[in-house]
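In case you want the letters, here they are:
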Amino acid sequence: MSDGAELRQKIKEVMVEELMLDFEPEEIGDDTPIFGAEGLGLDSVDALQLVVAIEKHFGLKVGDAEKAKEVLRSVETIAKAIEG
């Protein structure tokens, strides 16, 4: 597994663990929307928990709401932000 794939897998594991999701990490696609009915269906409280979890596990600070909207679209967008 490449570093990129490992990072994406770790992000999914963190999401499932920290947000207590009813999904297995393997069920979450890299491009699956995190918010909205067509995706994982997370809400604003989940978003806050996710920002804290990303900072804790990966050291990525998501400073403002606009940046958060960009970064928190999918596992792929989170991974790209972490990779810099």
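The paragraphs below set out a description of the structure included in this document.

What counts and what doesn't
- Residues numbered from 1 in each chain as written.
- Predicted model: local features only at pLDDT ≥ 70, side-chain atom pairs only at ≥ 80, totals over all residues.
- Heavy atoms only, no water.
- Axes fitted to C-alpha atoms, helices over the stretch in contact; angles between N-to-C directions.
- Helix = DSSP H or I, 4+ residues; strand = E, 2+ residues; numbered from the N terminus.
- Parallel < 35°, antiparallel > 145°, perpendicular 65-115°, else oblique.
- Left-handed = near helix turned anticlockwise from the far one by under 90°.
- Contact = heavy atoms within 4.5 Å.
- Nonpolar A, V, L, I, M, F, W, Y, C, P; charged D, E, K, R; others polar.
- Polar contact = N/O pair within 3.5 Å; in protein donor to acceptor, adjacent residues only side chain to side chain.
- Salt bridge = Lys/Arg side-chain N within 4 Å of Asp/Glu carboxyl O.
- Buried < 20%, exposed > 50% of the residue type's maximum accessible area, 1.4 Å probe, protein only.

Once that is clear, we can look at the packing of helix α1 (residues 3-19) against helix α2 (residues 44-58). In the contact formed by α1 and α2, the axes pass within 10 Å of each other and the chain directions differ by 130°. Between α1 and α2, the angle falls in the class oblique. Regarding α1 and α2, the two cross each other, and that crossing is right-handed. Facing α1, whose interface residues are L7, K10, I11, V14, M15, E18 and L19, α2 presents D46, Q49, L50, A53, K56, H57 and F58. Looking at the contact of α1 with α2 residue by residue, the class counts come to 8 nonpolar, 2 polar and 4 charged.

Turning our attention to the environment of K61. Relative to the assigned elements, K61 resides in the loop between α2 and α3 (65-71). Sequence-wise, K61 and V51 are 10 residues apart; in three dimensions their C-alpha atoms are separated by 7.7 Å. When sequence neighbours within four positions are dropped, the list of residues in contact with K61 reads E55 and K67. A distance of 2.8 Å separates a polar atom in the side chain of K61 from a polar atom in the side chain of E55.

On to the pattern of salt bridges. Counting across every chain of the model gives 8 salt bridges. D30 serves as the salt-bridge partner of K12, at 2.7 Å between the closest nitrogen and oxygen. Of the two residues, K12 sits in helix α1 while D30 sits in the loop between α1 and α2, which places them 18 residues apart along the sequence. By relative accessible area, which is 27% here, D30 ends up partly exposed. Taking the shortest distance from any N to any O, the salt bridge between R73 and E70 comes out at 2.8 Å. Here the salt bridges share partners, and the residues they tie into one network are R8, E76, K80 and E83.

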